[in-house]
Amino acid sequence: MIKIISFKICPFVQRVTALLEAKNVPYEIEYINLSDKPQWFLDISPTGQVPLMVTEDGIALFESDAIVEYIDEVTAPLVNNVSPEQRAIDRAWSYQASKHYLVQCSTMQSADQETLAKRSAKLNKAFETAENKLGAGPYFNGADMGNVDTAWLPLLHRAKIIETRSGYDFLASFPKVKAWQDTLIATGLADKSVATDFEEAFADFYLAERTFLGRGANLNEVPTETTVPKQGCCG
């Protein structure tokens, strides 16, 4: 059976597990502490980052983009009869999500309102780009869930938890993305693709006293400034 090595709140891992869950591919998962990585993990991981996938043949694969491509090569597609051009477009839209995972991680850790405003700008641009692309839905490409949906799920899932627990809605200005978020959450895929105690672990880290959102921020306006420092939660 496929094995995934994971850090519990890593969005890159959820992208992989969401695709596996959407395809009904069985897998096992093992969580590690990134601040105290076990030697066996370092021995098989070229980068020391998660996710790491160990195939049924015992081969370790790293980098979420490569892992997702491997999964697609060895399993049935979520959507049949997709042209090579459309597959390329879907990979590009999936990358638009994954390249913002660490942006979101940084934004959620903002210590004050000004920092939140500055860090939110790049994340807002990603959501705005998706807003302009989305059609009638309910999924990104229409009636069927595809790879783009599973790639954006980590961003939308985390935004939903932040809204529920702090009152701050990253998607307040993006009604199509908001509807897309509701559709994906309603499938149950978000909960299936994370640990049972994921939300508590996530809240303990991102909604702690050290963060502006964790101290009970309830802002009605959408931040508009543009600087996003590069820092992240996993890789």
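Look above for the structure.
Residues numbered from 1 in each chain as written. Predicted model: local features only at pLDDT ≥ 70, side-chain atom pairs only at ≥ 80, totals over all residues. Heavy atoms only, no water.

Visitor: Got a minute to help me understand the packing of helix 1 (residues 11-22) against helix 3 (residues 64-74) in this structure?
Guide: The relative placement of two packed helices is expressed as an angle between their axes plus a distance between the axes. Relative orientation of the contacting elements helix 1 and helix 3 amounts to 5 degrees, with a least axis distance of 10 Å. Overall, the two elements helix 1 and helix 3 adopt an arrangement that is roughly parallel. For the pair helix 1 and helix 3, the contacting residues are F12, R15, V16, L19 and L20 in the first and S64, D65, I67, V68, I71 and D72 in the second. Among the residues forming the contact of helix 1 with helix 3, the class breakdown is seven nonpolar, one polar and three charged. (Axes fitted to C-alpha atoms, helices over the stretch in contact; angles between N-to-C directions. Helix = DSSP H or I, 4+ residues; strand = E, 2+ residues; numbered from the N terminus. Parallel < 35°, antiparallel > 145°, perpendicular 65-115°, else oblique. Contact = heavy atoms within 4.5 Å. Nonpolar A, V, L, I, M, F, W, Y, C, P; charged D, E, K, R; others polar.)

Visitor: Can you walk me through the pattern of salt bridges in this structure?
Guide: A side chain of one charge can pair with a side chain of the opposite charge when the charged atoms of the two come close. Applying the stated rule across the entire model yields eleven salt bridges. Between R15 and D65 there is a salt bridge, with its nearest N and O atoms 2.6 Å apart. Linking R15 in helix 1 with D65 in helix 3, this pair joins segments that are 50 residues apart in sequence. We note a salt bridge from K178 to E163, for which the minimum N-O separation is 2.6 Å. Of the two residues, K178 sits in helix 8 (residues 175-186) while E163 sits in helix 7 (residues 147-166), which places them 15 residues apart along the sequence. Judged by relative accessible area, which is 22%, E163 ranks as partly exposed. Taken together, the shared-partner salt bridges connect K160, E163, D169, K178 and D182 into one network. (Salt bridge = Lys/Arg side-chain N within 4 Å of Asp/Glu carboxyl O. Buried < 20%, exposed > 50% of the residue type's maximum accessible area, 1.4 Å probe, protein only.)

Visitor: Even after reading the chapter, I still don't get the sheet that holds strand 3 (residues 52-54), so can you show me in this structure?
Guide: Paired through backbone hydrogen bonds, the strands of a sheet run either parallel or antiparallel to each other. Strand order in the open sheet formed by four strands is 2-1-3-4, and the pairing between neighbours is mixed. This sheet does not close on itself; its edge strands, each paired only once, are strand 2 (27-31) and strand 4 (60-62). Direction aside, neighbouring strands of the sheet carry axes that sit 25 degrees apart on average. Pairing of strand 1 (residues 2-6) with strand 3, which is carried by three bridges, proceeds in the antiparallel orientation. For I4, the partnering residue across the bridge sits in strand 3 and is M53. Along the sheet face, helix 1 touches strand 1, strand 2 and strand 3 and points at about 155 degrees away from the line of strand 1. Across the sheet, helix 3 touches strand 3 and strand 4, and the angle it forms with strand 4 is around 120 degrees. (Pairing = 2+ DSSP bridges.)

Visitor: How should I be thinking about the environment of E199 in this particular structure?
Guide: Tracing the backbone shows E199 in helix 10 (residues 198-206). Contact partners of E199, with chain neighbours within four places excluded, come to I161 and R165.

Visitor: Please explain the pairing of strand 1 as it appears in this structure.
Guide: Every other side chain in a regular strand lies on the same face of the sheet, so the side chains alternate between the two faces. The buried count for strand 1 comes to four of five residues, which makes it a mostly enclosed element. Both strand 1 and strand 2 contribute to a ladder of five bridges, which runs parallel. Counted as the bridge partner of I2 is Y27 from strand 2.

Visitor: Sorry if this is basic, but what is going on with unusual backbone geometry here?
Guide: It is generally the case that most residues other than glycine have a negative phi and that most peptide bonds are trans. At the junction of V50 and P51, the peptide bond is cis and its omega measures out at 5 degrees in the coordinates. Relative to the assigned elements, P51 resides in the loop between helix 2 (39-44) and strand 3. G137 connects to P138 through a cis peptide bond whose omega is 10 degrees. Among the structural elements, P138 can be located in the loop between helix 6 (113-133) and helix 7. Here N24, not a glycine, exhibits a phi torsion of approximately 60 degrees, which is positive. The residue N24 is located in the loop between helix 1 and strand 2 in this model. Residue E63 is not a glycine yet carries a positive backbone phi of 75 degrees.

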